[in-house]
Amino acid sequence: MELRASVATIVTREPFVTARATKHDVEVVRVALSHDGTTGYGEGSPLERYGEDAAGGVAWLEQLELWDDPFALERLDPLAGHQAAKAALDGALHDLAGKLRGESVWRMLGLQQGGPATRFTLWLDDPDAVGRHADQIVREGRFRRLKLKLGGGDGLDGERVRAVRQVTALPLLLDANEAWASDDEALEVLGPLARLAIDACEQPLPAEAMRESHLKERSPIRIVVDENCHTLADVAGCARFAHGINVKLAKAGGIREAVRMVGAARALELRVMLGCMVESGLAIAAAAQIASLFDDVDLDGNLLLREDPWPGVELVDGVQLPSTGRGLGVREALP
């Protein structure tokens, strides 16, 4: 097999604001993997939070010794060192294998095409702006579930949630992105919101603090962890302090590890959420292949872009449906 790796830049329609950072131009790792005249493609979106960047991911990929059999997916398993780049390679290999077999990846894996409706993310802003944004999304009518970024550090997180609830009763998940320092600070926000029918709160505390947290027992709202849970090795530990985990291919290293994480989480009676970074349709398509395994889905990364350079995933009644075409079922948009 022949591998080509590169850095690509994707651009959001508007600055995407969380408690940690503001994103507009995002560098991702792209992989093209060719065998016998057929090419598979993959993408991974690295985060500085995890000590990764796109250039480093490309360098890591370029030093790998590839194998000859495009169906030897298990050869991905021992690779380590740059998870987003590994996810790009994993996506490209699945795309290539599906194309060579003449079927979609989801069918190749014995899964269903659909899955839960995706959440649309409302970024961190002042409460009035959050309310207007929520109202706009509801009026458009394309989404059936929402996610709201919190962690403004201004004492207005509760008001942000209430602003959303003033315009919609759609299922709502909160995401603090590690913004609160302690259980007590998190409970000060979450306690008064219990009556507002909140689905869960994602990563209320920094990863280290979560390991010592008792929010799972104390919070009136379920706790889901993201930054605490990267690979299969993390899942069992998360069961001690969370009700669920957020699985992202760019953290896990791709489809294979994500599927293993779901199996472990089910055995531990954890709820499982499928998440994403700011990504193009190429990375979203890889995640959508396994969406039917999950309780909750947050795959809106490509919908936040000014223009998606890899169309193919279709939003149907709020669900991000992967194509029935070969492999991941996406194509690079013509310039």
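Residues numbered from 1 in each chain as written. Predicted model: local features only at pLDDT ≥ 70, side-chain atom pairs only at ≥ 80, totals over all residues. Heavy atoms only, no water.

A look at the side chain of N302
Structurally, N302 is set in the loop between strand 11 (296–297) and strand 12 (314–316). At a separation of 3.0 Å, a polar atom in the side chain of N302 contacts the side chain of Q320. (Helix = DSSP H or I, 4+ residues; strand = E, 2+ residues; numbered from the N terminus. Polar contact = N/O pair within 3.5 Å; in protein donor to acceptor, adjacent residues only side chain to side chain.)

A look at the sheet that holds strand 3 (residues 38–44)
Either a parallel or an antiparallel arrangement is found when strands of a sheet pair, and the pairing is made through backbone hydrogen bonds. With respect to topology, three strands assemble into an open sheet ordered 1-2-3, the strand pairing being antiparallel. The strands lining the two open edges of the sheet, one partner per strand, are strand 1 (2–17) and strand 3. In this sheet, adjacent strand axes meet at a mean angle of 25° when their direction is disregarded. Where strand 1 lies against strand 2 (residues 22–35), 12 bridges are found, and the strand directions are antiparallel. (Pairing = 2+ DSSP bridges. Axes fitted to C-alpha atoms, helices over the stretch in contact; angles between N-to-C directions.)

Description of the state of the cysteines
One pass over the structure, following the stated rule, counts zero disulfides. Left without a disulfide partner, C201 is nearest to the cysteine sulfur of C238, which lies 15 Å away. Relative accessible area serves as the criterion here: at 0%, C201 is assigned to the buried category. This cysteine, C238, is not joined by any disulfide, and C229 carries the nearest cysteine sulfur, 4.1 Å off. (Disulfide = S-S within 2.5 Å. Buried < 20%, exposed > 50% of the residue type's maximum accessible area, 1.4 Å probe, protein only.)

Focus on the packing of aromatic side chains
Tallied over the full model, the rule gives two aromatic pairs. Ring geometry for Y41 versus W310: centroids 5.2 Å apart, planes at 50°, classification tilted. With Y41 in strand 3 and W310 in the loop between strand 11 and strand 12, the pair connects residues that are 269 residues apart, well separated along the chain. Overall, the relative accessible area of 25% leaves Y41 in the partly exposed class. Classification of W310 by relative accessible area gives buried; the value is 4%. Judged by centre distance (4.7 Å) and plane angle (40°), the rings of F120 and F143 are tilted. Here the residue F120 occupies a position in strand 4 (residues 119–122), and F143 occupies one in the loop between helix 4 (127–140) and strand 5 (145–149), the gap between them amounting to 23 residues. (Phe/Tyr/Trp six-rings, centres within 6.5 Å; stacked < 30°, edge-to-face > 60°.)

Remarks on the side chain of R119
Structurally, the position occupied by R119 is in strand 4. Only 2.7 Å separates the side chain of R119 from the side chain of D199, close enough to count as a polar contact. In this structure R119 touches R145, L146, K147, P171, L172, L173, D199, D296, V297, D298, L299 and D300, once residues within four positions along its chain are discounted. (Contact = heavy atoms within 4.5 Å.)

Some thoughts on the pattern of salt bridges
All chains considered together, the criterion is met by 25 salt bridges. Between D95 and K99 there is a salt bridge; the shortest N-O distance is 3.1 Å. A residue pair is termed a helical-turn pair when its members lie 3 or 4 positions apart in one helix, as D95 and K99 do in helix 2 (residues 83–101) at four residues. The exposure class of D95 is buried, given its relative accessible area of 1%. Measuring nitrogen to oxygen at the nearest pair gives 3.2 Å for the salt bridge that ties D296 to R145. Of this pair, D296 sits in strand 11 while R145 sits in strand 5; the two residues are 151 residues apart in sequence, bridging distant segments of the chain. (Salt bridge = Lys/Arg side-chain N within 4 Å of Asp/Glu carboxyl O.)

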